[in-house]
Structures are given as C-alpha cells and as structure tokens.
Amino acid sequence: MTTGGDSSPTPATSSPADSAPKASEPRSRANSGVPVGYPRTEAGAKAAAANYTTVAGSSAYLTDKDVRHRAVSVMAANSSTSAVVQQADRAAGQAAPDLKGDNAKLDPKQVIARTGVLSAHTLGFDIHKSTIRLWTTTVRGSATGHATPKAAFRSVTVSLVWEKNDWKMAGSSDASGLVAPIDVRQATNVTGDFTDYIPAGAADPVLSGSTTGGFPAAYEHNEDGARAAATSAVMLYGDPRFFTNTDWRHKMLAATAAPSALDRVKSDTDSTARLVAENRALGDDGKTADGGLLVTRTAALATRAVSYTDQSASIELWTASMGGVAGKDEMQRPQVGFLRMTVDLTWADGTWRTTAVTPSEPLVPSPPAAEQAAPASSFADVGGVTDAPSLA
C-alpha cells in the first residue's frame, strides 16, 4: 500500500508554518446530496466528474426516483437535464436486479452500491468545457441473502461545461473498463460482512480538487473534513510516486502527516517503498529491466467514522487498491485488493493531519462475471501521474 523511491535522502527543512496547507480554493459543498462548488481548474473538473459518477452509482440515486431527479437537476447543465434524467432512469432500472442480490425484493436499506475512481484521464480541458474519462470499480448487491455483492470495472466518459459558476454535466457514457483480477490472496467475503457499508452505515467519498502545491489544501474542522483527509491519505499512499520517488514521498508526508508522527512515518514508508522496489525488481527510474511500469492506485469506495472528536479522528475506508507492473510479464499484471483501511488523524496546523494509515481486514466482493482480465501492458494507459484522480 506504499511506494518506493530513489536512494537520495531528502531532509525536512521546512518549518510547520511553511508546510501548513492553506485553503486557497473552496472545498465542495452539498446541494440535494450532490457535491458542488468546484475550482475552475482541471483538478476541479476531474473532481466533478468523479463525484457525479459516484452519486450516479449510489444506492439512493438508483433506488429512489425523487432523489435521482433532484440530483440530476443539480448535476446537469440546463440544456442536458432532460436527456440526463432519461439516461438516469434507464440506468436505475438496469441496476435493480444486481441491487437485490438473490432476494425476492429489493430492500433500499440493505443495498450495497459503491463506486471507486481508480483513474481520471483528461481528454480535453479549457475553462469553458472539459471531457474526463474515468476508470472505475463498482460493487453492487445486497447485504442480505446469500449472493455476495459483485465487482465490475467500467470506463465512464463525462462531458462538463462551466455554467452558473460551477462544473455541470453535459452528458456521460459508460462501457466495460479494463478488468483487473482480484488479488489471488483474497477470498470472497460472505454477504453479512458488508453490513457496515449499507447506506446508513457509511458515506461515499467526496473529491474536491482543492490543492496547494499539488497536495491537499486545508480541511474543514468537522467530521466531513476528517473523512476527506482520510480519503486523500489512502489515495496518496497508493500513488506510484509513493514507491518510486523519495523526494515526492517526503514532501507529501511533510504536507499531510502530523509533526509528532513525521519521523516515524517517514522511516516506515521508506522501508515499505524499498521492499516494493525490491519485490518488483524496479530500477531507479521506477521501471523493470524490460521497461515495465509500476502501476499503483487506491480508490475509496466508502468512509465511516470509527471515532471523532474536534481534536482527533479515526476513519475507516473501504478501498480498492491496484498494484502491479504494466509490461510484458503477465505474472506481474496489476491486481486489485479490496481492503478496509484505518486512517488516524489529529487536528494540527489548521487542518487534519494523519498519524497512521493502517490496512486491516479485506472486504472482498465477487469477481466480475465471465470477464477476462486485461493484458498487463494495457494498464499503462491508466497508470501515469496525469491519470490520477483529484484529491478529496
């Protein structure tokens, strides 16, 4: 769950005041359950595309027509609302059989409907419009019955326009996405194990695109801010640069870790990065001898607060973590592991900062049905730095 780096140590020379994140851009707020209020930037467009896709895959959206139509009225551009409503209603009808599992009736309170964004590639961007292609994993089913919720991989293309001082959806399309095999070390969980992630038990992640110097801007001093900080933490720990670029890793930790934990976290993550580099036989350029590219990414499927006070928080995230090498060796083909991750945070320097990021028990859906895993080389298309989703 970490990354590697070159061998040159990077001393931490900045003071806490210098490294404290600043709230230079507004964070997303909610309207009818839909995150809105994005910066007029490429990162803001990526965040809007990811959040709108996550909302469109949520339990309330897929099971409640009134909720769905209100959400569309917030997400869609004026000229596209009618078409998006029709598309949304069709998608909800198609999803219903999956959401009820093997039960006779669909129970909205027991639905598992979560979406994780593994990659966001910009097909076109200017300050007036943008087109973003997402690679997502979805998990759909029910927390009751005997059929374990099922994973799927989708490629979703979202067209956005800048309207009413925000990014609005002009249209979207989706198709089958790259299929990554589930980590062979993970066994499918039983249905009841998913009960923590029914609608009442957990929230969808919210990405904002709000950054300072490439790292998260300051978070709000509330539980939503702690959840967002935890989401960014697992994403940053899953970035390929975490394993291949010591300088980037140390800067990231200086920007996000609590000062009291920084030295320990640096030491721990440096060790993890070296281990990954050795296990994958990576050179100083982050590639294998035959030119294979390390591809890693972590997507948050859902978040729930284990504990929260105004000074500390512990947030559990259900994640999909991809890792492997995009190249000629199919034995190193990227796989996806479904893990619960616990992020411990403290309020320091005017934002939420991490004290620990810890993997815990797997929570593994059924694999995609009758879909062959994509060749190892094809994952290079989603593994570059520019393909990373926006942060929370």
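The structure contained in this document is the topic of the report that follows. (Residues numbered from 1 in each chain as written. Predicted model: local features only at pLDDT ≥ 70, side-chain atom pairs only at ≥ 80, totals over all residues. Heavy atoms only, no water.)

Right, let's talk about the packing of aromatic side chains for a bit. Overall, the coordinates contain twelve aromatic pairs when judged by the stated rule. On the basis of an interplanar angle of 85 degrees and a centroid distance of 6.0 Å, the ring pair of Tyr-38 and Tyr-52 is categorised as edge-to-face. Of the two residues, Tyr-38 sits in the loop between strand 2 (34-36) and helix 2 (42-56) while Tyr-52 sits in helix 2, which places them 14 residues apart along the sequence. Neither Tyr-38 nor Tyr-52 differs from the other in exposure class; each is buried. Each ring, one from Trp-162 and one from Trp-167, has its centre 5.1 Å from the other, and the planes form 75 degrees; the classification is edge-to-face. (Phe/Tyr/Trp six-rings, centres within 6.5 Å; stacked < 30°, edge-to-face > 60°. Helix = DSSP H or I, 4+ residues; strand = E, 2+ residues; numbered from the N terminus. Buried < 20%, exposed > 50% of the residue type's maximum accessible area, 1.4 Å probe, protein only.)

On to the packing of helix 4 (residues 65-75) against helix 5 (residues 81-99), then. In the contact formed by helix 4 and helix 5, the axes pass within 10 Å of each other and the chain directions differ by 145 degrees. Our pair here, helix 4 against helix 5, has a crossing hand that is right-handed. Two secondary-structure elements touch here, helix 4 through Lys-65, Arg-68, His-69 and Val-72 and helix 5 through Thr-81, Val-84, Val-85, Ala-88, Asp-89 and Ala-92. Here the contact of helix 4 with helix 5 is composed, by residue class, of five nonpolar, two polar and three charged. (Axes fitted to C-alpha atoms, helices over the stretch in contact; angles between N-to-C directions. Left-handed = near helix turned anticlockwise from the far one by under 90°. Contact = heavy atoms within 4.5 Å. Nonpolar A, V, L, I, M, F, W, Y, C, P; charged D, E, K, R; others polar.)

This part covers the sheet that holds strand 3 (residues 111-125). The strand order across the open sheet built from four strands is 3-4-5-6, with neighbouring strands paired in antiparallel fashion. Where the open sheet ends on each side, the last strands, each with one partner, are strand 3 and strand 6 (166-176). Sheet twist, expressed as the mean angle between neighbouring strand axes with direction ignored, is 25 degrees. Two elements, strand 5 (residues 150-163) and strand 6, share ten bridges in a ladder whose sense is antiparallel. Looking at the pairing, Val-158 lines up with Ser-172 of strand 6. Its contacts with the sheet put helix 5 on strand 3, strand 4 (129-142) and strand 6, and the angle it makes with strand 4 is roughly 25 degrees. (Pairing = 2+ DSSP bridges.)

This part covers the side chain of Thr-191. The residue Thr-191 is located in the loop between strand 6 and strand 7 (211-212) in this model. Take Thr-191: its relative accessible area is 5%, and that puts it in the buried class. One polar contact links the side chain of Thr-191 to the main-chain carbonyl oxygen of His-146, over a distance of 3.5 Å. Excluding anything up to four places from it in sequence, Thr-191 contacts Ser-142, Ala-143, Thr-144, Gly-145, His-146, Ala-147 and Thr-148. (Polar contact = N/O pair within 3.5 Å; in protein donor to acceptor, adjacent residues only side chain to side chain.)

A few words now on the layout of surface pockets. Volume-wise, the largest pocket comes out at about 950 Å³. Around the largest pocket sit 37 residues that line it, and Ala-95, Thr-138, Arg-140, Arg-154 and Asp-174 are the ones nearest its centre. Secondary structure elements with two or more residues in the lining of the largest pocket: helix 2, helix 3 (59-63), helix 5, strand 4, strand 5 and strand 6. With nine residues, helix 5 is the largest single contributor of residues to the lining of the largest pocket. Of the residues in the lining of the largest pocket, the class split is 18 nonpolar, twelve polar and seven charged. Quantified by volume, the second largest pocket comes out at close to 790 Å³. Lining of the second largest pocket is provided by 35 residues; of these, Gly-33, Pro-35, Asp-204, Pro-205 and Val-206 occupy positions nearest its centre. Put simply, the parts of the chain that give the lining of the second largest pocket at least two residues each are strand 1 (29-31), strand 2, helix 2, helix 3, helix 4, strand 3 and helix 6 (223-237). Top contributing element to the lining of the second largest pocket by residue count: helix 6, with five residues. (1 Å grid on protein atoms, 1.4 Å probe; cavity = no way out; pocket = protein on both sides within 12 Å on 5 of 7 lines; lining within 4 Å. Points joined across faces, edges and corners; volume = space filled by probe spheres on them.)

Let us look at the pairing of strand 10 (residues 312-326). Of all 15 residues making up strand 10, 13 are buried, and the element is well covered by its neighbours. Here strand 9 (residues 293-308) pairs with strand 10 via 14 bridges, running antiparallel. Bridging from a neighbouring strand, Leu-293 pairs with Ala-326 of strand 10.

With that settled, the discussion passes to the sheet that holds strand 12 (residues 351-362). As summarised here, the arrangement of the four strands in space is 9-10-11-12, forming an open sheet in which the pairing is antiparallel. One side of each edge strand has no neighbouring strand; the edge strands of this open sheet are strand 9 and strand 12. Looking at each pair of strands side by side, their axes are set apart by 30 degrees on average, direction ignored. On top of the sheet, helix 6 reaches strand 9, strand 10, strand 11 (335-348) and strand 12; it is set at about 160 degrees to strand 9, its chief contact.

Before going further, it helps to examine the pattern of salt bridges. Oppositely charged side chains are able to pair whenever their charged atoms sit close together. In the structure shown here, the tally under the stated rule is 13 salt bridges. Of the charged contacts, one joins Glu-330 and Arg-333 as a salt bridge, the two residues approaching to 3.5 Å between their closest N and O atoms. Overall, Arg-333 belongs to the partly exposed group, its relative accessible area being 25%. Put simply, Asp-196, Arg-304 and Glu-316 are held in one network by salt bridges that share partners. (Salt bridge = Lys/Arg side-chain N within 4 Å of Asp/Glu carboxyl O.)

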